[in-house]
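# Structural features, examined
What follows is each chain in one-letter form.
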Amino acid sequence: MTSPAGLPPTGGGGGERQRLRLLAVTACPTGIAHTYMAAEKLSQAAEQLGVDIKVETQGSIGAENVLTDNDVRTADGIIIAADKDVDLSRFAGKRVVTVGVAEGIHHPERLIEQVRTAPVHGGGGGGTSTSSPANSGGGGGGKERSIGYKALMNGVSYMIPFVVVGGLLIAISLSLGGHTDPSGGLVIPKDSFWMDVNNIGVIGFQLMVPILSGYIAYAIGDRPALVPGMVGGWIANTGSLYDSEAGAGFIGAIVTGFLAGYLVLWIKKVEVPKFVRPIMPIIVIPIVATTALGLFFIYVIGEPISWVFEHLTDWLGGMTGTSAVLLGAILGLMIAFDMGGPVNKTAFLFGAGLIATGNQEVMGMCAAAIPVMPLGQGLATLIRKRLYTEQERETGLASLFMGLFGISEGAIPFAAARPAQVIPANMLGGAVAGAIAGLAGVEDAVPHGGPIVAVLGAVSGVPMFFVAVVIGTVVTALTTVALVDVSERRRKGQSLVDGLAPQPELALAGAGVGVGGDGLGAGGGTATVHAPAQRTESVPAPAGSAAVGTDDSSRSGTDGSTGAGDESGSSSSKPPADTSGDASGASDDEVLSGYLTAQTVKVRLDSGDKESAIREMAGLLAATGKVTDVEELVAAALRREEQGTTGLGEEIAIPHAKTDAVTAPVVGFARSAEGVEWGSLDGTTAKLVFMISVPEAAAGDEHLRILALLSRKLMDTGFRERLMTASDEAAVLDVLREIR
């Protein structure tokens, strides 16, 4: 095989092939724009350099254009441009360069050059850090998230649905089927319908901690680490296994997750006979790792947890005669520290145990602190929306609801994702709430907390109870926002130092946004670029990803762009008309499945500022008859802008809104000759403005695909030039048909 100078060959087969053949994976944890912008930039750079490249995208709609075994076998090098965990085990024996997704957008040519001398990936571990530049000395060049961060976020993303479902079911069952009982807190009658609902919610909560642990381990050690991670998390949360009245909670799950992941990585390095290797990942590694981790936690880690629980209880018992303010502050700190862990349970059981002795003030302090964490974190997502992803904001709403019912676990996803910022904020707010309740002599007659116990009449001193909760909540929210903001500024500042200006995200992704893009979306079509001489146009958007259709069509796995004889799933570039397959069955005259029409195209945008432009675009969309409230549509789009600019740079802006002010998805386009200041990070004004609006009920894969298609296609310089020079609405529509 003949390879370009400077690249020691690592590909296989195809001895007559003389072109450099690369593969790439682009991914980001949230949003849409980064993944597809990086993919398109890499494809364009490869075309200019005469390199063949196929790019797998792992966006919010799942993995598209998935790399096949044959792709990997014949590849000369791999580029990973991702801010989330990507499985590298399939690239063993290949040259791999790993960077952040922003590097794929800003310096794709540099990455293509760097992969020529990148180190060969040895196949150990499943995460992107295994062969990251920092670890291997390869040519990185981009600021990449650490494996610890990626693993933690992987676990949190899988844990969130369990927290939300379990917490809301428990809250609903308590509110509709529960009543106060001095001997048992809020009680739901046995054998009732609401007890069954409560039990289902409890199961969700029980699974929450093992899921967190398991998927942290999975992100580090791949599939063999999943079982030891989950079993270890279950053990950590089951205090009876190591003689403790309370489990280690989510903090214990984080510990077991990392222990399981790195234990599996270590076992993988052990040399074993050849005949044993096939059963290592499915039998030997899971059994050895699960047994070792379980016994280690029970006999080594569990004993200190039991000791802490016992001695904290004795210590609190000696403080009952001290200052009520001091005791309340201490109990609030403990309640807020680990939310269901041994420290939290110590304070809660201490207060609950004193109820029978007639001392209800201690439980009153605990009851005021219990809801502060979920309420505070939920409030924080409302105060500074731009600091949170769409998934986190939706989790924040659920957290607020859980807080009203005294379910402190609603704040766990936030604490697990940002422990250094969230846990101190929680503790400060909890201490304030507990101290105020202690000062006011608030009493609680049942072992439960939150506003629900006051509403049901179990609390005396109700006004001061709510004062304590409100002040504690506000303190938690403001402290969280301040700490997270400082953390983000530091991180982004470092990115700017590295030359990687952070890009704005399109935040229409819903709660389905996760970290593990595992093929949930459509087959990806082709992103392989064969660069002919004198080529002036970039490759059109892949047909598979252009399927802006129903969920069924997008998940069918059909790849209309792959020729019958193309084993690797890639094909040569063709003119746009030849690769515009539309899985949704749209006619040739439709643009984006008919969401963008001649009615919603304007050649000249009259407005000179962002707000006026959004208002003008909303009026344009209203011409379709699909807008019921123009003012609400404008307000929704402006609220989205407050979270972060939708100016993508490259003279592009894509304002968008989820709102019931529209009855169906609708997309508009307008062109500004002078440009509108949109706050784009590259300093350019917006001359190409798309506006997307979808009703709340329709905000699923459909709008995600619209955003994906636009962000990918708009990276094509030739496409943008054709849009700018199109003479009238009809000519603009002809150009826009390329992105159906």
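Remember, it's a predicted structure, so these values are computed and weren't measured experimentally.

Criteria and cut-off values
Residues numbered from 1 in each chain as written. Predicted model: local features only at pLDDT ≥ 70, side-chain atom pairs only at ≥ 80, totals over all residues. Heavy atoms only, no water. Core = buried A, V, L, I, M, F, W, Y, C linked by side-chain atoms within 4.5 Å. Buried < 20%, exposed > 50% of the residue type's maximum accessible area, 1.4 Å probe, protein only. Helix = DSSP H or I, 4+ residues; strand = E, 2+ residues; numbered from the N terminus. Pairing = 2+ DSSP bridges. pLDDT = per-residue confidence, 0-100. Contact = heavy atoms within 4.5 Å. Axes fitted to C-alpha atoms, helices over the stretch in contact; angles between N-to-C directions. Parallel < 35°, antiparallel > 145°, perpendicular 65-115°, else oblique. Left-handed = near helix turned anticlockwise from the far one by under 90°. Nonpolar A, V, L, I, M, F, W, Y, C, P; charged D, E, K, R; others polar. Expected span 1.5 Å × (residues − 1). Phe/Tyr/Trp six-rings, centres within 6.5 Å; stacked < 30°, edge-to-face > 60°.

### So, the nonpolar core
- L212, F250, L331 and F465 are the most contacted members of the largest nonpolar core, which totals 80 residues.
- No other element matches the 12 residues that helix 6 (residues 147–177) contributes to this core.
- Residues A38, V694, V735 and I739 belong to the second largest nonpolar core, which totals 33 residues.

### Examining the pairing of strand 14 (residues 666–676)
- With nine of 11 residues buried, strand 14 is to be regarded as a mostly interior element.
- The pairing of strand 10 (residues 601–602) with strand 14 spans two bridges and is classified as parallel. Considered in strand 14, the bridge of K602 is made with A670.
- Note: strand 14 against strand 15 (residues 686–694), seven bridges, orientation antiparallel.

### Notes on the confidence of the model for the protein
- Residues of the protein with pLDDT of at least 70 account for 75%, and the chain-wide mean is 75.
- Low pLDDT, under 50, characterises residues 124–143; the stretch is placed with 69 contacts to residues that sit more than four places away or in other chains.

### Structural notes on the packing of helix 14 (residues 372–383) against helix 17 (residues 419–440)
- Their axes nearest at 9 Å, the elements helix 14 and helix 17 cross at an angle of 125°. Between helix 14 and helix 17, the crossing angle belongs to the class labelled oblique. In the crossing of helix 14 with helix 17, the sense of the turn from one axis to the other is right-handed. Of the residues in helix 17, those in contact with V372, M373 and Q377 of helix 14 are V422, N426, G429, G430 and A433.
- Across the contact of helix 14 with helix 17, the residue classes tally to four nonpolar, four polar and no charged.

### Here's the deal with helix 12 (residues 342–355)
- Taking 1.5 Å per residue, 14 residues should reach 20 Å; helix 12 reaches 20 Å between its end C-alpha atoms and fits that length.
- Here helix 12 lies mainly inside the structure; 10 of its 14 residues are buried.
- Among the residues making up helix 12, those that are buried are P342, V343, N344, T346, A347, F350, G351, A352, L354 and I355.

### Points about the packing of aromatic side chains
- Taken as a whole and judged by the stated rule, the model has seven aromatic pairs.
- Ring centres of F465 and F466 lie 5.6 Å apart, and the angle between their planes is 80°; on these two criteria the pair is classed as edge-to-face.
- Using a relative accessible area of 0% as the deciding quantity, one classes F465 as buried.
- Taking the centre distance of 4.8 Å and the plane angle of 45° together, the rings of F669 and F690 count as tilted. One end of the pair, F669, is in strand 14; the other, F690, is in strand 15, and 21 residues separate them in sequence. The same class applies to F669 and to F690, which are both buried.
- A network of ring pairs unites the aromatic residues Y158, Y215 and Y218 as a single cluster.

### Considering the environment of P342
- By the secondary structure assignment, P342 is in helix 12.
- Its relative accessible area of 9% is what places P342 among the buried residues.

### With respect to the pairing of strand 5 (residues 96–99)
- Of the two faces of strand 5, the one lined by V96 and T98 and the one lined by V97 and V99 are each fully buried.
- Summarising the sheet, strand 4 (residues 77–82) and strand 5 pair through four bridges and their orientation is parallel. Directly across from I80, in strand 5, lies its bridge partner T98.

### As for the side chain of N198
- Looking at the element boundaries, N198 is found in helix 7 (residues 193–221).
- Setting aside anything within four residues of it in sequence, one finds N198 in contact with I170, S173, L174 and I188.

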